[in-house]
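Structure at a glance
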Amino acid sequence: MPVAESVSRYISTLFAKEDEALTRARLDSPRLGLPAISVSAEEGRFLQVLVQAVQTRQAVEIGTLGGFSGIWIARGLLPGGKLYTLDIDAKHAQVARTHFEAAGVGDRVEIWVGNAHANLPQLEARRPFDFVFIDAEKEGYLRYFEWAVINLRPGGIVAAHNALRGGKVVNPAGDANSALMDAFNRRVAADPRVVSTIFPAGDGMLVAAKAG
Ligand code: SAH
Ligand code: MG
């Protein structure tokens, strides 16, 4: 089950305080007609901690939306580091661009517009990557994960959002995306190339570290 709201608020108040740019990025999405499906602040902070822990020069995000999670990731990069963030929707990319600029990370973020499945092979030219965050269509997760494991440096991390689907992965019958996510979680859990788990904040963050 996702953690209680009071616990979530406790964590975010202490550790994941939003500045004005982050709050705007989170609130702007629904206001501008984008879906309100950003990561939570504590999940964002968790991403930033991971990015910083593995000393990330190059990060990839699949699923930009309005840039909320991307700002957290970009703020964890080493000086001179880069985030490549991919989204199929040009409007999302345009909104995200303004949020990256407002957050002071515009120079560190490249937005690649188009189907990530088509763009990832091009992005390979910039490998290796230290960190990959998967947060796009659930049908694509297994392929995105495969790409990440191949293109990460040893010791690099791949994170994937919505691993718990509000708790529905425990009994996914009748919900296609939850069934997909359950299958994804089982595949990653059994993958000998990574050490992995699910961190149960927000909607669940699967984290997998590539063996060194
Ligand atoms: N990471 C964001 C939320 C991403 S929502 C945050 O937490 O702030 C999922 C995004 O994935 C949407 O913006 C959607 O347009 C994008 N998406 C869906 N399918 C895609 C695909 N095949 N390639 C690239 N992006 C895709
Ligand atoms: Mg998500």
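Refer to the preceding data block for the structure.
These lines cover the structure that appears in this document, whether it is placed above or below. Along each chain, numbering runs from 1 in the same order as the chain's sequence is written. In the order they appear in the text, chains get letters beginning with A and ligands get numbers beginning with 1. Local features in a predicted model are, by the rule used here, given only for residues with pLDDT of at least 70; side-chain atom pairs are given and counted only at 80 or more, and totals for whole chains, interfaces and linings are based on all residues. Side-chain calculation: all heavy atoms of the structure are included, whereas hydrogens and water are not.

Comments concerning helix 2 (residues 20-31)
For the record, the criterion: A helix here means a DSSP run of H or I that spans at least four residues, while a strand means a run of E at least two residues long, and both kinds are numbered starting from the N terminus. What a helix is expected to span follows from its residue count: subtract one and scale by 1.5 Å. Throughout, exposure labels follow a simple rule: accessible area from a 1.4 Å probe, protein chains only, divided by the maximum for the residue type, with under 20% read as buried, over 50% as exposed, and the rest as partly exposed. Think of the arc as the fan of directions from the helix axis to the C-beta atoms. In what follows, a contact means two residues having at least one pair of non-hydrogen atoms within 4.5 Å.
In this model helix 2 runs 16 Å from its N-terminal to its C-terminal C-alpha over 12 residues, within 8% of the 16 Å that 1.5 Å per residue would give. If you check which residues of helix 2 are buried, you get A21, L22, A25, D28 and S29. Down the axis of helix 2, the smallest arc covering the buried residues is 135°, so these residues share one side. Opposite its buried face, helix 2 presents the exposed residues E20 and R31, each directed more than 90 degrees away. On its buried face, helix 2 sits against helix 4 (68-76) and helix 5 (90-102). G33 sits one or two positions beyond helix 2 and adopts a positive phi of about 85°.

Notes on the packing of helix 6 (residues 116-123) against helix 7 (residues 141-151)
Geometry of a packed helix pair, given as the angle between the helix axes and the separation of the axes. Which entries qualify depends on this criterion: The convention used is that axes are lines fitted to C-alpha atoms, helices contributing only their stretch in contact, and that angles between N-to-C directions extend from 0 to 180 degrees. For classification, angles of less than 35 degrees are called roughly parallel, those exceeding 145 degrees roughly antiparallel, those between 65 and 115 degrees roughly perpendicular, and all remaining angles oblique.
Across the interface, helix 6 lies against helix 7 with an axial gap of 11 Å and an inter-helix angle of 5°. Considering their axes alone, helix 6 and helix 7 lie roughly parallel with respect to each other. Note on element contacts: helix 7 touches helix 6 through R143, Y144 and W147, opposite A116, H117, L120, P121 and L123.

Thoughts on the sheet that holds strand 1 (residues 58-62)
What counts here: The rule for pairing is simple: two strands pair if DSSP sees at least two bridges between them.
Strands sit in the order 3-2-1-4-5-7-6 across an open sheet of seven strands; the sheet is mixed. Every other strand in the sheet has two partners, leaving strand 3 (109-113) and strand 6 (194-199) as the edge strands with one partner each. The sheet shows a mean angle of 15° between the axes of neighbouring strands, taken without regard to direction. Sheet strands in contact with helix 3 (residues 41-53) are strand 4 (129-134), strand 5 (152-161), strand 6 and strand 7 (205-210), and its direction is about 5° off that of strand 7. Strands in contact with helix 7 are strand 1, strand 4, strand 5, strand 6 and strand 7; relative to strand 5, the strand with the most contacts, it is inclined by about 160°.

Structural notes on the site of ligand 1
This is how it is decided: Whether a residue is near a molecule or strand depends on its heavy atoms: it is near if one of them lies within 4 Å of it. Here a polar contact is recorded for every N or O atom pair within 3.5 Å, except that within protein the pair must consist of a potential hydrogen donor and a potential acceptor, and residues adjacent in sequence are included only if both atoms are side-chain atoms. The method behind every accessible area is Shrake-Rupley, applied with a 1.4 Å probe, and residues are considered shielded solely by the protein chains displayed. Each residue receives one of three labels: charged for Asp, Glu, Lys and Arg, nonpolar for Ala, Val, Leu, Ile, Met, Phe, Trp, Tyr, Cys and Pro, and polar for the others, Gly being one of them.
The immediate surroundings of ligand 1 are formed by 21 residues, with V39, G63, S69, D87 and H92 found nearest. One nitrogen or oxygen atom from the side chain of H92 is found 2.7 Å from an oxygen atom belonging to ligand 1. Bound to the protein, ligand 1 loses 90% of the 590 Å² it would expose on its own. Its residues assigned to classes, the shell around ligand 1 shows nine nonpolar, seven polar and five charged.

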